[in-house]
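So you can see what is in the structure, the chains are spelled out below.
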Amino acid sequence: SSHIGPSVGPSSSSSVRSAPPSSSSLPPQKSGIVRNAAGKTWVDKSLSEFPENDYRLFIGDLSRDATAADLTMFFSKYQSLAFTKVVYDKAHKSKGYGFVSLLSFTDAALAMREMQGKYIKGRPIKIKRSEWKDRDVGVVRKKESKEKKRKKAMGL
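Since this is a predicted model, take the numbers as computed values, not measurements.

## Describing the side chain of Ser63
- Counting through the fold element by element, Ser63 comes out in the loop between strand E4 (55-60) and helix H1 (68-74).
- A polar contact of 2.3 Å, which involves the side chain of Ser63, links it to the side chain of Asp65.

## Notes on the side chain of Ser94
- When you line up the elements, Ser94 lands in strand E6 (residues 94-102).
- With a relative accessible area of 6%, Ser94 lands in the buried category.
- Within the structure, the side chain of Ser94 is placed 2.9 Å from the backbone nitrogen of Gly96, a separation counted as a polar contact.
- Non-local contacts of Ser94, meaning those with residues more than four positions away in its chain, are made with Ser63, Arg64, Val86, Val87 and Tyr88.

## A look at helix H2 (residues 105-115)
- For H2, every residue scored as buried is listed here: Asp107, Ala108, Ala111 and Met115. With its buried residues spanning 100 degrees around the axis, H2 presents them on a single face. Every exposed residue of H2 that faces more than 90 degrees away from the buried side is listed here: Phe105, Thr106 and Arg113.
- Considering only its buried residues, H2 is in contact with E4, H1, E6 and strand E9 (126-129).

## Considering the pattern of salt bridges
- Throughout the structure, instances matching the rule amount to six salt bridges.
- Asp54 is the partner of Arg56 in a salt bridge, and the nearest nitrogen-oxygen pair spans 3.0 Å. Like Asp54, Arg56 is buried.
- Note that Glu114 is salt-bridged to Lys77, the shortest N-O span being 3.2 Å. With Glu114 in helix H2 and Lys77 in the loop between H1 and strand E5 (81-88), this pair connects stretches of sequence that are 37 residues apart.
- A residue is classified by how much of its surface remains accessible, and Glu114, at 31% relative accessible area, is partly exposed.

## Quick look at the pairing of E4
- The pairing of E4 with E6 spans five bridges and is antiparallel. Pairing of Phe58 across the sheet is with Phe99, part of E6.
- Note that E4 and E9 share four bridges and pair antiparallel. Residue pairing in the sheet places Ile59 in a bridge with Ile127 of E9.

## With respect to the packing of aromatic side chains
- The tally for this structure, following the rule as stated, stands at eight aromatic pairs.
- For the ring pair Tyr97 and Phe99, a centre distance of 6.1 Å and an interplane angle of 90 degrees mean the geometry is edge-to-face.
- Accessibility expressed as a relative area gives 17% for Phe99, which makes it buried.
- Every member of this aromatic cluster is reached through a ring pair, and the members are Phe50, Phe58, Phe83, Tyr97 and Phe99.
- The cationic tip of Arg56 hangs over the ring face of Phe50; the distance from NZ or CZ to the ring centre is 3.9 Å.
- Stacked on the ring of Phe58, the Lys or Arg Lys128 has its end atom at 5.8 Å from the ring centre.

## Quick word on the nonpolar core
- Core analysis: the largest hydrophobic core is formed by 18 residues, its most contacted members being Ile59, Leu62, Leu71, Phe75 and Leu102.
- Put simply, the parts of the chain that give this core at least two residues each are E4, E5, E6 and H2.

## Some words on the environment of Ala108
- If you trace the backbone, Ala108 turns up in helix H2.
- Along the sequence, Ala108 and Tyr55 sit 53 residues apart, while their C-alpha atoms lie 6.3 Å from each other.
- Excluding residues within four positions of it along the chain, Ala108 makes contact with Tyr55, Leu57 and Leu102.

Procedures and definitions
Residues numbered from 1 in each chain as written. Predicted model: local features only at pLDDT ≥ 70, side-chain atom pairs only at ≥ 80, totals over all residues. Heavy atoms only, no water. Helix = DSSP H or I, 4+ residues; strand = E, 2+ residues; numbered from the N terminus. Polar contact = N/O pair within 3.5 Å; in protein donor to acceptor, adjacent residues only side chain to side chain. Buried < 20%, exposed > 50% of the residue type's maximum accessible area, 1.4 Å probe, protein only. Contact = heavy atoms within 4.5 Å. Arc of directions from axis to C-beta. Salt bridge = Lys/Arg side-chain N within 4 Å of Asp/Glu carboxyl O. Pairing = 2+ DSSP bridges. Phe/Tyr/Trp six-rings, centres within 6.5 Å; stacked < 30°, edge-to-face > 60°. Lys NZ or Arg CZ within 6 Å of the ring centre and 35° of its normal. Core = buried A, V, L, I, M, F, W, Y, C linked by side-chain atoms within 4.5 Å.

As structure tokens, this is what we get:
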């Protein structure tokens, strides 16, 4: 589990947070968010690292040596950049993807358009809207309920 890291970015006064790959001293854990995926439900504490009501982008095809600090530097031109994270396995090796959190819809849309296919550490990245909210238990149950009502109305 990674934690909120030091400020990283083009200036020392930056308020952007990057999640480091590992740490020797972890801060107290925040309460997690209940998730539901692949038929399982669990508490995901990593989601509480991100700001509320952000516009989160999934960054795929990252080089194995790309870090959250690299993402922060790469996306620092967007003023609403709030948090970056690269996902690591239990052996602290990058899984090849990460997330960028922006507080402005406009910045998120621009980043998706302008940075798609750009190179970070020698690899072209793929960007799409993060679908983490679609996996929230409340959202999943609401969708299931709507689908059930729709099928019932159709006589299925």
